[in-house]
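Below are the chains, spelled out letter by letter.
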Amino acid sequence: MDYLHDINAFLPGVIVALAGLVTITIDAYKNDHGSIYGLTVFSLLAGLILSVMDMFGPVGEAFTGMITYGGVSAFGSSVVLFGALFCVLISREYLSAIDHEYGEVYSLLLIATAGMLGLVSANNLIMIFIGIETMSICLYVLAGIIKGQKIGAEASLKYFLLGAFSTGFLLYGMALLYGATGSLYLTEIAEGASSDLLFIAGAALLLVGFFFKVSAVPFHMWTPDVYQGTPTTITAYMATASKSAAFVALLIVLSKMIPAETANWAGVIEVIAILTMVMGNLIAIVQDNIKRMLAYSSIAHAGYLLVGLAAGTPEGYSAVLFYLFAYTIMNIGAFGVVAYYERQQGLDFTDINNYVGLGFKKPLMGVLLSFFLFSLVGIPPFVGFVGKYLIFAAAINAGYIALAVILALASAASVYYYLRPMVYMYFKDPHKDVPLVRSGIVFRSTLVVLAALTLYFGIAFGDLHNLLSSFYTADWVTHLVGQ
Amino acid sequence: MDSATTLTSLIIALPLLGFLVNGLLGLSSKSFRQRKALIGTIANLTVFIPFAIAVYFFINMGQDSAPIFVELFTWIEVGSFSVDIAYQLDQLSILMTLVVTGVGFLIHMYSVGYMWEDEGYWKFFAYLNLFIFAMLNLVMADNLLLLFLGWEGVGLCSYLLIGFWYTDMANSAAGSKAFWYNRVGDFAFLVAMFLTFQHVGSLDFDIILSSLEAIPADDKFWIAFLMFIGATGKSAQIPLFVWLPDAMAGPTSVSALIHAATMVTSGIYLISRMSAMFVMSPEVMMIIAVIGALTAIVAATIALTQNDIKRVLAYSTVSQLGYMFLALGSGAFTAAMFHVVTHAFFKALLFLGSGSVIHAMEHVEHGLHEEGKDVHFDPQDMRFMGGLKEYMPSTYKTFLIATIAIAGIPPLAGFFSKDEILAFTFNAGFAGFAEPLYMVLWGVGIVTAFLTAFYMFRLTFGTFNGEFKLPEKISEAAGAEKHLHESPKSMTIPLWTLGGLSVVGGFLGVPNFLLSTFTHQEEHINLLHNWLYNVTADYELGLSHSVEWILMTVSIFVAVGGVYTAYRMYGSGATEESDAKLADRFGVFYETWKEKYSLDEFYEGLVVHPIVRWSDKGLAKFDMKIVDGVVNTVGGVVRLFGSVFRYVQTGVTSSYALALVLGVILVLSMLIL
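Residues numbered from 1 in each chain as written. Chains lettered and ligands numbered in written order. Predicted model: local features only at pLDDT ≥ 70, side-chain atom pairs only at ≥ 80, totals over all residues. Heavy atoms only, no water.

## A look at the interface of chain B and chain A
Put simply, the test is: Throughout, a contact is declared for two residues whenever any of their heavy atoms are within 4.5 Å. Reported buried area values correspond to the accessible surface (1.4 Å probe) lost by two parts on association, with both partners' losses combined. Contacts described as polar in this section are N or O atom pairs within 3.5 Å, which, within protein, must combine one atom able to donate a hydrogen with one able to accept it, while residues neighboring in sequence count only if both atoms come from side chains. Helix and strand labels come from DSSP, where a helix needs a run of H or I of at least four residues and a strand needs a run of E of at least two; each type is numbered from the N terminus.
Contacts between chain B and chain A engage 32 residues on the former and 48 residues on the latter. Among the residues chain B hides against chain A, the three largest losses belong to B:Gln649, B:Leu660 and B:Leu671. Together they make up 20% of the total. The tally of links between chain B and chain A comes to three residue pairs in polar contact (both at pLDDT 80 or more). For the side of chain B that touches chain A, the secondary structure elements donating two or more residues are helix 1 (3-28), strand 1 (68-78), helix 27 (599-645) and helix 28 (653-672) of chain B.

## Details of the packing of helix 4 (residues 91-114) of chain B against helix 16 (residues 333-370) of chain B
Residues and elements named next belong to chain B. What counts here: To get an axis, a line is fitted to the C-alpha atoms, and for a helix only the part in contact is used. The angle between two axes follows their N-to-C directions and goes from 0 to 180 degrees. Here the angle decides the label: under 35 degrees means roughly parallel, over 145 means roughly antiparallel, 65 to 115 means roughly perpendicular, and every other value means oblique. Residue polarity follows a fixed list, in which Ala, Val, Leu, Ile, Met, Phe, Trp, Tyr, Cys and Pro are nonpolar, Asp, Glu, Lys and Arg are charged, and the others, Gly among them, are polar.
With their axes 11 Å apart at the nearest point, helix 4 and helix 16 run at an angle of 5° to one another. When the interaxial angle is binned, helix 4 and helix 16 end up roughly parallel. The residues of helix 16 that touch helix 4, namely those facing Leu92, Leu95, Met96, Val99, Val103, Ile107, Tyr110, Gly113 and Tyr114, are Met337, Val340, Val341, Ala344, Phe345, Ala348, Leu352, Gly355, Ser356, Ile358 and His359. Along the lines of polarity and charge, the residues of the contact of helix 4 with helix 16 split into 16 nonpolar, four polar and no charged.

## Things to note about the pattern of salt bridges
A side chain with one charge may pair with a side chain of the opposite charge, provided their charged atoms come close. Residue and element names in this part refer to chain A. The test is simple: When a carboxyl oxygen of Asp or Glu is within 4 Å of a side-chain nitrogen of Lys or Arg, the pair counts as a salt bridge. Burial classes: relative accessible area under 20% of the type maximum marks a residue as buried, over 50% as exposed, and values in between as partly exposed (1.4 Å probe, protein chains only).
The final tally for this structure, using the stated rule, is 19 salt bridges over all chains. Across the pair Lys30 and Asp32 runs a salt bridge whose closest N-O atoms are separated by 4.0 Å. With its nearest N and O atoms 2.7 Å apart, the salt bridge here joins Asp225 to Lys158. Here the residue Asp225 occupies a position in helix 10 (residues 222-229), and Lys158 occupies one in helix 7 (residues 150-181), the gap between them amounting to 67 residues. Pair check on accessibility: Asp225 and Lys158 agree, each one buried. In the salt-bridge network here, residues are joined through shared partners; they are Glu154, Lys158, Asp225 and Arg292.

## Topic: the nonpolar core
The cut-off we apply is this: Nonpolar cores are built from buried Ala, Val, Leu, Ile, Met, Phe, Trp, Tyr and Cys residues. Side-chain atoms within 4.5 Å join them into one set.
Of all hydrophobic cores here, the largest spans 218 residues; its most connected members are B:Met227 and B:Phe278. At 21 residues, the largest contribution of residues to this core is made by helix 16 of chain B. The residues touching B:Phe278, leaving out its near neighbours within four places in the chain, are B:Ala224, B:Met227, B:Phe228, B:Ile271, B:Val284, B:Met285 and B:Ile288. Listed in part, the 196 residues of the second largest apolar core include A:Trp222, A:Ile272, A:Val434 and A:Phe461.

## What about a positive patch on the surface?
Note the threshold: Patch membership needs two things, relative accessible area over 30% and no salt bridge, and members are linked within 9 Å if like-charged or within 5 Å if nonpolar (Val, Leu, Ile, Met, Phe, Trp, Tyr). Accessibility throughout is a Shrake-Rupley quantity obtained with a 1.4 Å probe, and a residue counts as covered only by protein chains that appear here. For the charge count, each Lys or Arg is scored as positive and each Asp or Glu as negative, with His and the chain ends excluded. The atoms used to mark charge sites are NZ of Lys, CZ of Arg, CG of Asp and CD of Glu.
Residues B:Arg613, B:Lys617, B:Lys621 and B:Lys625 make up a contiguous surface patch of positive charge. Tracing the chain through its elements places B:Lys621 in helix 27.

## Some words on the packing of aromatic side chains
Residue and element names in this part refer to chain B. What counts is decided by this rule: Each Phe, Tyr or Trp ring (for Trp, its six-membered ring) is paired with any other whose centre lies within 6.5 Å, and the angle between the two planes then decides the class: stacked below 30 degrees, edge-to-face above 60, tilted in between.
Under the counting rule described, the total for this entry stands at 57 aromatic pairs over all chains. Ring plane angle 70° and centroid distance 5.7 Å describe the contact between Phe426 and Phe430, whose orientation is recorded as edge-to-face. Residue Phe430 is classed as exposed on the basis of its relative accessible area, which comes to 52%. Ring geometry for Phe426 versus Trp442: centroids 5.2 Å apart, planes at 65°, classification edge-to-face.

## Notes on the packing of helix 4 of chain B against helix 12 (residues 266-273) of chain B
To characterise two packed helices, one gives the angle between the axes of the helices and the distance between these axes. Residue and element names in this part refer to chain B. As a packed pair, helix 4 and helix 12 sit with axes 11 Å apart at the nearest point and diverge in direction by 170°. Taken together, the axes of helix 4 and helix 12 are roughly antiparallel relative to one another. Taken together, the residues of helix 12 that come into contact with helix 4 (itself represented by Leu92, Ser93 and Met96) are Tyr269, Ser272 and Arg273. Its residues assigned to classes, the contact of helix 4 with helix 12 shows three nonpolar, two polar and one charged.

## Topic: the side chain of B:Thr403
Along the chain, B:Thr403 turns up in helix 17 (residues 393-407). Not counting chain neighbours up to four residues away, the residues in contact with B:Thr403 comprise B:Leu350, B:Met456, B:Phe457 and B:Thr460.

## A short note on the domain arrangement of chain B
Our working rule: What marks off one domain from the next here is an automatic or database domain assignment.
We note that the domain assignment places domain 1 (356-594) and domain 2 (606-672) within chain B. Distance between the C-alpha centres of domain 1 of chain B and domain 2 of chain B: 63 Å.

## Description of the state of the cysteines
Residue and element names in this part refer to chain A. Just so we agree on the cut-off: Disulfides are defined as cysteine sulfur pairs within 2.5 Å.
Overall, the coordinates contain zero disulfides over all chains when judged by the stated rule. Here Cys87 is not disulfide-linked; the sulfur of Cys138 is the nearest cysteine sulfur, at 15 Å. A relative accessible area of 0% means that Cys87 is categorised as buried. According to the relative accessible area criterion, Cys138 is buried, its value standing at 8%.

## What to know about helix 4 of chain B
For clarity, the threshold we go by: Here a helix's expected span is defined as the number of its residues, less one, multiplied by 1.5 Å.
Between its terminal C-alpha atoms helix 4 of chain B stretches 34 Å, which fits the 34 Å expected from 24 residues at 1.5 Å a residue. A large share of helix 4 of chain B lies buried, amounting to 23 of its 24 residues.

As structure tokens, this is what we get:
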């Protein structure tokens, strides 16, 4: 009964993919948004519970070694599903408020999520490719989901063109790696690793593909345009779930497939990390549109994450995993509040200049946004601080002092643009009396839960951190020695 | 989770929950703010249930029970340094928890009535619950860092509540003053913690106390000394006590809870908790005793001269805290904790009673305004009071009970605890270190006991005896007494409960010799000693029974003498005339007391003024020109770069693709070359 074991190993993915197909069918025949939404939430929640349980279970392979389960993959799945679930929870109210709630939003989101789950569980280059493409194609469509809107269409087309371009590099890299080693399995490629040109060029192009997906500089150019043009709650999904999936996959590839001694990838990642941190933060400073600001901020965070990967130690990897979770919580929260302000009539509420005095109008939303922004800055006791601290410590322990210093300086610069909306919200008088619509109970409670989580994991992070570190203790050593 | 863990988490979590519910709902919903009954119920329940749980723990814990350790989660773990959010339930922490939640609950209940008409009702209770949460962390923590967290938390709540009526600048200033004086102490406490960690490598109490020999004697002195400095800040001792009288700017129930019964005793708790370390450095013990005795007498003499009913109580609190430090310095940790408990009863009662009086006086003012009379007076000034016992019988009776208790008349609560402190101070005169000095301190303690009885009865007589003086002071206020009335039940019930406790509280610590003189064998009737003997490192009491009898007789005579003198001078309610006589008799001394030893002016001149001057003339310029200049330049350059780089983002897809290709070339060249 091997196939039962296989399906069980990838059960969250199977559930989510099936739910995606069922919702398409419902949408085609009944156009009943309520049941589509309900099914979406239910399947994501079920998947999330299964993945979280899987984190504490055994580690192994399934589908003839195409995927792995448990450990890092389970954690990656949990983060992706967590992000997808919370984005869906805030999406319904937002999309119906802007009058663009379509059934296919949920289907596409589910299928994209299934692709991400394949990506974070991948143990084979083909699996990685299928995962990335399933995810990306859905995202291209989601970016332009609001038909007839110019900015959305532009976002969608740009994303698609550049995405296709980068996929070319990714696939070429895979082909070269296959040529060099004769295998597509990550562990077998690692065994056949050498320092000949074919292998290294393959690895380099593969890295480029990933750099594009995580929007590292200079492969980041699509990010601000796409984030700005996409409906905000979908942007939250892109910025968190898809980025987390890509990062987990990159982490798996680096830790499993490309031994550091055959290619000096740490050096490349170091340079890219510096570029990403510096450029992301610098350009974020001059943004007036809060969605673009958050887009550059997400680029900057990709830079911090790359620092953890450059460290290349178990400590660095577990710090990256923790950071992904932290980043997901606080970013969905921030985009959520932005989505709330944005649906108000009268003014363009993506422009930070229009945030004047908002903090006192709806105190809860103001406080929530402050929570998330403080967390993004990395101020204790919020989770963002812990994440940044772990990465910082890992970089120092691995001897990357320069990286750590740049990280600290870049974070210091980021204070400016994160605090700016708060200054407008609390320290400036509102220039016009714009009545704010009350948000729905689900929307509000979702954001409150996220805020509570930023605080909870900012204080009681010990257990999660220990769990993440345990992924890299015993298994890690046998893995390295065994190869 | 076993039941101990669940119950402990409940004790800690419920006040926090109350804070969050009242705070967040109050913040987000205007209609919730009006539902005062609901807000009050939430706030009261979230303190009462922890009290009930603490009682349950207390019943199930024997005097020899091992401490229960409850570890909720690992908070910080860096290398070998690890701090847990973990709590320790032993005899000492249960005692403090009972006081904090029990007295805290009564004061919450009282506040329901007292604050009913205040606009910030929800905020008040949210802060009050937050305070209880922080205070419970302080007394239940099993390590110094968590204790410090609670320590800072109560400091924050104290600041927020002193400045609760923040629209008046004076109140905000008082809040800031409390905060700043506490910072000085906190800094010393932090350094003490660093030193401890350096030598022991852990901040857990049981590890520190079991590895004291790892700390060199010199550093033991410094750790103990710095911790004591920390305690002088929080517990308002010389030289850092001047913030406490100003802290009376807050609502009266806050003064009762934070600035009398609980927070200000945390310094005493800290030293009792670390008593095994303190007894190892007799020098520090001596310093503590001296500071305690000095504070006691200085504050008592100031209290003689004050007319603001709450300020008298504030100085009285400082003075009683001084007694507790005298006890600590004499190796009488149990006696100090005993006085903490009894003082919590009668001083909370005194403050709540004064609140009831102020409440009534404010109603008089309101009533007069409604009659159309434009009368303004200070509702806290006892010179406008007098004769209130007719109108406020419950308040009068309970206030009188508390006064008798604090004066040290047997068998009320204050008598036993104060007597034990004095006996131990006398005892420390034979302990082998600075013996004559302790004898002097005993003398100071006796004098202070006389003063305490005197000034407390001056206050009671002046407020409640004689005639109501407002109408004669302000002619327009004629007939104002018809506006005087007793406070509502929700305020008098806590008064009577605390009154009962002030009567019987002393029987917790009846000295052993009272019985063993007659049975001629060793007796253990001092319940508190039996309860705490495992936790605190008290000195042996080596006095003979006859000496103890003599000491007790002396303190009774002194207390009765104080009361009698006060009765002769103030019994008729003639406050100002008798004050004038006192001023005549003591001349310069009285002036000094009235000027509060000019300590505020002294600090103002020595510390505040030079700093302000220097900041204004020197640092401000440096800050504006150099620091701001550098920051602005850096910021400007960064922004400049940002605005240059943003033009890379052309919006043209083909240029994006170009950047991508350049990136590919970069990566390839780095890897291959």
